[in-house]
Amino acid sequence: MIEVNHDCTCEGNPLVPQVVKIIKITEETPDVKTFRIQTLDGKKPFDPLPGQLAMISVIGVGEGMFSITAKGEDWIESSIKRVGELTDALHEISEGQEIGIRGPYGNHFPYEELKGQNILFIGGGIGLAPVRSLIRYCLEHREDYGHIDILYGSRSRDDLVFKEDCLENWPKEPDTSVYITVDRGSDDWDGHVGFVPSYVEETGFAPDRKVVLCGPPVMINFTSQSLVKMGFQKEDVITTLEMRMKCGIGKCGRCNLGGKFICLDGPVFNLSELDELPDEK
């Protein structure tokens, strides 16, 4: 194991992470784990708003930007899909091990503007991770929001993240409806089978609500088209571009799109705002 120098505070340098520990690991799917993170003295590393992100690092391997999916009084959580060298390293660590973290980064979901509104949450695959932070906030402040619909899709039943929330907890919440679909059916799945965009149209949501949408780019693209076809206004559909974020502080320029820096001006935008960005979005 690589030695960590706990004496180096590196104060004033926003690119230097603080050392934290993993206090709990939950295996969500065969390739997604949720990591509960706490400072070495048992505190929350920082207090993120719904939709903000953290730069997580493994010494000797690298760092990457990940959504913060939940927070408690003295911890935060991030759910990470295994897709490459850094995420492989994270998936190999154990509870009690130390990693680096910095943040929070980006703007956040407009939870204040959404108060009093009906909300439709749409998530695809690991895209439910950033949406989950806002779902939890709305359910914790249930009296501030209207009817909540949650539509989530994954490749198969085994690939559903946050199964306990999706199948047990959220359906029990007051004035809350949950719709789950999978791309491929199986013997252990008796629910809906089909892709998210077609399920959104099939369910027939009235455009009298705000939409929070997150998932793979192709899913966001086709689901956005479905929503517009159903009568939703583009300014009422909120999505995220966190996959473009790199340094988190607007210095590297990797997330620049037109006149926007995704890490400073985003990653949360509505569809009308995205229409104003260059085509490479």
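All of these numbers come straight from a predicted model, not from anything done at the bench.

A. Region of the structure containing the sheet that holds strand β13 (residues 237-240). Pairing within the open sheet is mixed, and its seven strands lie in the order β11-β10-β9-β8-β12-β13-β16. The open sheet has two edge strands with one neighbour each: β11 (192-193) and β16 (268-270). As defined by bridge partners, strand β8 (residues 119-124) adjoins strand β12 (residues 210-214) across five bridges and the pair is classed as parallel. Its bridge partner being in β12, Ile 119 is matched across the sheet by Lys 210. Relative to β8, helix α2 (residues 128-140) is tilted by about 150°, and along the sheet it contacts β8, β9 (148-154), β10 (176-182) and β12. In the packing of helix α5 (residues 217-229) onto the sheet, contacts are made with β8, β12 and β13, and the angle to β12 comes to roughly 160°.

B. Broad picture of the pairing of strand β3 (residues 53-58). Taken across its six residues, β3 has six buried, putting it largely inside the fold. As paired strands, β3 and strand β4 (residues 62-67) are joined by six bridges and run antiparallel to one another. The partner of Leu 53 across the bridge, within β4, is Ser 67. Between the antiparallel neighbours β3 and β4 lie three residues, among them Gly 60 with a positive phi of about 85°. Relative to strand β7 (residues 98-105), β3 runs antiparallel, the two being bridged by four bridges. Looking at the pairing, Ser 57 lines up with Gly 100 of β7.

C. Here's a closer look at the pattern of salt bridges. On inspection of all chains with the given rule, the structure shows 19 salt bridges. Where Lys 71 meets Asp 47, a salt bridge forms, and the shortest distance between an N and an O atom there is 2.8 Å. Residue Lys 71 is located in strand β5 (residues 70-71), and its partner Asp 47 is located in the loop between β2 (32-39) and β3; the two are separated by 24 residues in the primary sequence. With a relative accessible area of 32%, Lys 71 lands in the partly exposed category.

D. Spatial organisation of the side chain of Gln 38. Here Gln 38 shows up in strand β2. A polar side-chain atom of Gln 38 sits 3.1 Å from the main-chain carbonyl oxygen of Asp 74. Setting aside anything within four residues of it in sequence, one finds Gln 38 in contact with Val 20, Lys 21, Ile 23, Lys 43, Pro 45 and Asp 74.

E. The pairing of β13, seen in detail. The alternating pattern of β13 places Val 237 and Thr 239 on one face and Ile 238 and Thr 240 on the opposite face, and all of these are buried. Bridge count for β12 against β13 is two bridges, and the pairing is parallel. Note that in β13 the partner of Val 211 across the bridge is Val 237. The β-α-β motif built from β12, the intervening α5 and the parallel element β13 has right-handed crossover chirality. Bridge count between β13 and β16: three bridges; the pairing is antiparallel. Paired with Ile 238 across the strands is Asn 270, a residue of β16.

F. Main features of the packing of aromatic side chains. Using the criterion set out here, one finds three aromatic pairs in the structure. Between the aromatic rings of Tyr 179 and Tyr 199, the centroid separation amounts to 6.4 Å while the plane-to-plane angle is 75°, which identifies the pairing as edge-to-face. With a gap of 20 residues between them, Tyr 179 in strand β10 and Tyr 199 in helix α4 (residues 196-203) connect regions that are remote in the sequence. Consider the rings of Tyr 179 and Phe 205, whose centres lie 5.4 Å apart with planes at 90°: the pair is edge-to-face. Taken as a pair, Tyr 179 in strand β10 and Phe 205 in the loop between α4 and β12 lie far apart in primary sequence, 26 residues in all. The class of Phe 205 is buried, set by a relative accessible area of 6%. One aromatic cluster is present, formed by Tyr 179, Tyr 199 and Phe 205 through successive ring pairs. The ring of Trp 75 carries Arg 36 above its face, with NZ or CZ at 3.7 Å from the centroid. Residue placement shows Arg 132 over the ring face of Phe 162; its charged tip is 4.3 Å from the ring centre.

G. The nonpolar core, seen in detail. Counting residues in hydrophobic clusters, the biggest one holds 30 residues, and the most contacted among them are Phe 121, Leu 128, Leu 134, Ile 135 and Val 212. Where this core is concerned, the elements lending two or more residues are β8, α2, β9, β10 and β12. Considering each element in turn, this core owes the most residues, eight residues, to α2. Not counting residues up to four positions away in its chain, the partners in contact with Ile 135 are Phe 121, Leu 128, Ile 150 and Trp 170.

Criteria and cut-off values
- Residues numbered from 1 in each chain as written.
- Predicted model: local features only at pLDDT ≥ 70, side-chain atom pairs only at ≥ 80, totals over all residues.
- Heavy atoms only, no water.
- Pairing = 2+ DSSP bridges.
- Helix = DSSP H or I, 4+ residues; strand = E, 2+ residues; numbered from the N terminus.
- Contact = heavy atoms within 4.5 Å.
- Axes fitted to C-alpha atoms, helices over the stretch in contact; angles between N-to-C directions.
- Buried < 20%, exposed > 50% of the residue type's maximum accessible area, 1.4 Å probe, protein only.
- Salt bridge = Lys/Arg side-chain N within 4 Å of Asp/Glu carboxyl O.
- Polar contact = N/O pair within 3.5 Å; in protein donor to acceptor, adjacent residues only side chain to side chain.
- Right-handed = clockwise from strand over helix to strand, strands pointing away.
- Phe/Tyr/Trp six-rings, centres within 6.5 Å; stacked < 30°, edge-to-face > 60°.
- Lys NZ or Arg CZ within 6 Å of the ring centre and 35° of its normal.
- Core = buried A, V, L, I, M, F, W, Y, C linked by side-chain atoms within 4.5 Å.

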